[in-house]
Every structure is written in C-alpha cells, then in structure tokens.
Amino acid sequence: MTPLLQLKQIKKSFPGVKALDGINLTVASGEIHALLGENGAGKSTLMKILCGIYQPDSGEICIEGKSRSFSNYREAIDSGVGIIFQEFSLIPYLNAVENIFLNREIKNSFGLLDRSKMRAKAVNIFKRLSVTLDMDVPVEQLSVAQQQFVEIAKALSLDAKILVLDEPTATLTPGEAEHLFCVMRDLRLLGVGMVFISHHLEEIFQVCDTITVLRDGQYIGTVPTAESDINQLVEMMVGRKVEQAFPIRSLKPDRSVKVLEATIQRTKTSPKDCFHLHKGEILGFAGLVGSGRTETVCALIGAQRCFQKTISLHGKTTRLSDPAHALEQGIGLLPESRKTEGLVLPFSVSQNITLNRHEKIASILIHSKKERLIVRQLIKAVGVKTPNAETAVNTLSGGNQQKVVIARWLNNTCSVLIFDEPTRGIDVGAKAEIYQLMHELTEKGISIIMISSELPEIIGVCDRVLVFRDGHIVAELDNQGIDSNTIMLHATGNTL
Ligand SMILES: Nc1ncnc2c1ncn2[C@@H]1O[C@H](COP(=O)(O)OP(=O)(O)OP(=O)(O)O)[C@@H](O)[C@H]1O
Ligand SMILES: [Mg+2]
C-alpha cells in the first residue's frame, strides 16, 4: 500500500549549520509516528519543510505517492497537512476563535463572517479536548497551557490528514496531555497520520506506534515502539549511555541562614502564603499548571499586583516594587514563557546572555575581549548548540533558546534565582547538565526557587518542596524520602 507520507533524503543547511543531512520518514495512514532527537537535532526543521515553511535544499516529499512541493504553509494546508507549532504562532491581541480561523474565516451565503458558526466549531473542538477557556478575551490574557490548547485547536480545525504535533505537551499537565492523546487516538481511527515530537519519552510509549530518531541532522533509525525501550532510545538520540539522570548533590543547604522570608496575600480575601528560603537551598514549588506557583513568584518580585506582602531579604525588609527593583536587590527570574519574556529574539546569543548587565545599551553592545571569553565559556557550560556567539537567537532550536536564558542567569550577581519550569523542552542529556549547573550555583551560595510540574525533577533536585493547590501553599515537605504520591495527594487532593 502507498504510504500516506514519505519524506525522502531531505537535506537542509543554514549558514554554518547542516540542519538535515538526508532524512527519511514514512508515515502510514492511522499511524502516530514519534520524531525524537536532542535539542537542535533537526526535528522542527524537518517538519517546517513538510509544511512549506522552509524549502529543502534537496530531497522529496510524497503524499499518497505523489511528489509535492509547497512554497508556503497555505499550500501545505490545502494538501491536507497541518502543524501545531513548537513556538506559538498565535496573534496575542485576537481571541481564541479569531486565532483559530485567522485567514480561513467562515463566511455565510452573503459573504459576511459567520461568527456563530466559527464559534460553534471552536466550542466543539475545545469540548473534544475537555478544555474550558474564555473565548472572548485576547489570547495573551490566557495561561500558557490555555494558549497551547488554542494552538492545538487551530491545527485540529484544519481537519488535516497529516498532522504534525511539535512538542504540544511541553506546557500541559499529565492530565491535560492525556486529553490530547485521546483526541490523537480518535484521529488515528479516522486514518489521520501524525508526527509527534516530545522530550517526554514516557509519552512516546503511551501514544506512538513507530519512532524515528535524528541526531545532529542525521537519520539514525526507525523502530516500532513495541520493540523498543527507553534505554535504547536514549542511546540512539545521544549516541552514548546517559549517566545519572539527577546528579548527586554534595552540598547541604545552610539552614541557619534564611536568605529570604516572604508573606504574600494576593487578594483581600485570599489566605496568606508564608515561605522562606535558606542559603544554598533549592526550594521546589510543586503543583499542577495553574496552581498559583507562577503568580506567587510574580507577586514576590512585583511583576504582578498583590494585596499585601512583607519581604525580608538577608534580614532586611524590602519592597520589591517591580522586577527591575527585584533584580537590583539580587533576585532574578527565569520566566516560564521564554519567547515573550525571556529573550530578545532578534538579538544574538551573546547579547542575550549579557542582557541583564547592560540592559540600557544592549542594542549597541560592543563586547570587550573579557566578555567575549565569558560568553564563550557560558555557551560551552550549558551546551548551547549555535554556529557562534553572534548568531541570532531566533534561529536556534527551541531547546537551545532555553539554554541561552539559563546561560544568562549564570552570568549574574543575584543571590536568589527563581527558575520557572527551567527544563521545559530540554532534551534528556541536557537536563542533567542543567541540574548540575543549578548545584554549582548553590555551591557559590546562591539560593534557588524552582517551579516545576515534573515530579521526578522536583524529587530529584530539590532540598525542600512547597506544594501549591488552588492558588496557595498547601504543604511543606522536606525532601527526605518524598514520593510522587505524597506530592500529588497535596496537589490534587487525590493520589496518582
Ligand atoms: N531559520 C534558521 N536559521 C538558521 N539556523 C536554523 C534555523 N532554523 C533552525 N536552525 C538550526 O538548525 C538546527 C536544527 O534546529 P531544529 O529547530 O530543527 O531542532 P529541534 O530538533 O527541533 O530542537 P528542539 O528539541 O530544541 O526543538 C539547529 O542547529 C538550529 O540552530
Ligand atoms: Mg524543535
């Protein structure tokens, strides 16, 4: 039988990077095909070629046996190809319905916009996804997870026969991801062929039929999921066995020194949340997406209004009126949404790394020799895959952009760092390196608050854990023999 999709010997180079070097991929109708590889392996590039966003240097795309070439995404959509983009493609000031039907508005027989029909279609898709969200507000007012669902709904509304899902679960809770998987299984029954990209290997086993692995732009191989296991996949991806997922922590935090003490009351009627942070400690903020962890740190550093707060930093009362003030006081935040808050995308890697130091002159930055050396060391330390330090950040792969944000925080003079989902979209090998870097920061006396939705990460990395539910701290757990069940019990009120 002719396969639904065949990518044959696809090659693509960018200045200084051979992104794809002869990649093959075959997807059958009704198949969910995982595309795996480390950050920068070429996954998104291959999918953008399939969708007409990039043109291949050579190679062939066949759909149902016919050779195709798309000069833009529109042409791909017309041939039944849809993609959920890794980096959001939503227009921030439009609402969910307007975003879903942008440039494909449904019109009635008078040629006027049929708003009720579009809305009904959107409602239907969100129902299939078991998602409730406000469809009347600009999407920028929605949470990151809700925006992700709008992105997913937009692709589903295309009724594509080939659907690409580029890290759709990175911002979702396991429960939310499960809803998406149900929809994917339904689509499989309808004969849709899917390419699914994720750094969560357990998801691959939950939902995929076949797995193709790329490494550094090379095709490594294709295996049926049923005949594979995590160790084999990691070895195919990384090219070596990955040691210790969580590096051993040699430092014990100094519990006699409280670097930060905070009492935060977000609204007049809400309870007060009190917490403290020890010197050299990694304090975990666990909980579900939307449980109030990000809001609490935003209130702390003055990025979000709150009714009342009392903060003591190194024993001195301080106000932290806004993030710039917090930074002056030595508190830095690595934000959850790197594209909108974390990076200046058209700037180079090196400008982004040195941003906090020279915010005012960043655009005309001229690096001294010493600075160039520091930047080079940082790029190496976090393993940013980039042709050089002057490459624009928006040409890096998603995971490598995240590494640049981390590199920036290593290059600072803060005493408290807040990492909001620091390893989202980061591959297995690089995750361990980032944990190691966090340990090194604490060894320098820096204290860290880490927000994470990944329980193994909370358990493997943190010295102490605060669990959030419905906007507030509901439990404090000392990380001696904590298990996922205990955390989930507090986070949801139920066990796993
Ligand atoms: N527009 C571009 N200009 C220059 N280089 C690019 C461009 N797009 C991608 N690259 C480079 O191509 C390589 C592959 O990137 P790609 O985004 O495909 O990786 P990926 O496998 O999707 O990684 P991740 O898991 O981090 O999302 C990277 O080295 C990246 O820097
Ligand atoms: Mg990618």
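Quick notes on the rules
Residues numbered from 1 in each chain as written. Chains lettered and ligands numbered in written order. Predicted model: local features only at pLDDT ≥ 70, side-chain atom pairs only at ≥ 80, totals over all residues. Pairing = 2+ DSSP bridges. Helix = DSSP H or I, 4+ residues; strand = E, 2+ residues; numbered from the N terminus. Axes fitted to C-alpha atoms, helices over the stretch in contact; angles between N-to-C directions. Contact = placed C-beta atoms within 7 Å. Domains from an automatic or database assignment. Nonpolar A, V, L, I, M, F, W, Y, C, P; charged D, E, K, R; others polar. Near = placed C-beta within 6 Å.

## Some points on the sheet that holds strand 12 (residues 273–279)
Here four strands make up an open sheet; going across it, the order is 12-11-14-15 and the pairing antiparallel. Two strands bound the open sheet, and with one partner strand each, they are strand 12 and strand 15 (316–318). Mean inter-strand twist for the sheet, computed between neighbouring axes without regard to direction, equals 25°. Taken together, the seven bridges between strand 11 (residues 254–265) and strand 12 define a ladder with antiparallel strand orientation. If you follow aspartate 254 over to strand 12, its bridge partner there is lysine 279. Across the face of the sheet, helix 9 (residues 293–301) comes into contact with strand 11, strand 12 and strand 14 (308–313) while running at roughly 95° to strand 11.

## A short note on the domain arrangement of the protein
Here the protein is described as being made up of domain 1 (5–238) and domain 2 (254–492). Taking only C-alpha atoms into account, the centre of domain 1 sits 29 Å from that of domain 2. Going through the elements one at a time, helix 5 (144–156) and helix 8 (230–238) are the ones with two or more residues in the side of domain 1 that touches domain 2. A class-by-class count of the residues in the side of domain 1 that touches domain 2 yields ten nonpolar, nine polar and three charged.

## Focus: the site of ligand 1
Taken together, 19 residues lie around ligand 1, and Phe14, Ser44, Thr45, Ser397 and Gly399 are the ones closest in. Within the residue set of the shell around ligand 1, elements represented by two or more residues are strand 2 (17–27), helix 1 (43–50) and helix 14 (398–410). In terms of residue class, the shell around ligand 1 is made up of five nonpolar, twelve polar and two charged. Two domains each donate at least three residues to the shell around ligand 1, and these are domain 1 (5–238) and domain 2 (254–492).

## A look at the sheet that holds strand 19 (residues 464–469)
Within the open sheet, the six strands sit side by side as 16-17-18-13-19-20. Their pairing is mixed. The open sheet terminates on both sides in strands that have one partner only, identified here as strand 16 (331–334) and strand 20 (472–478). Direction aside, neighbouring strands of the sheet carry axes that sit 20° apart on average. Examined bridge by bridge, strand 13 (residues 282–286) and strand 18 (residues 447–451) share four bridges and lie parallel to one another. Across the sheet, the residue bridging to leucine 283 is isoleucine 449, located in strand 18. With respect to the sheet, helix 17 (residues 484–492) is in contact with strand 13, strand 19 and strand 20, its orientation differing from that of strand 19 by roughly 30°.

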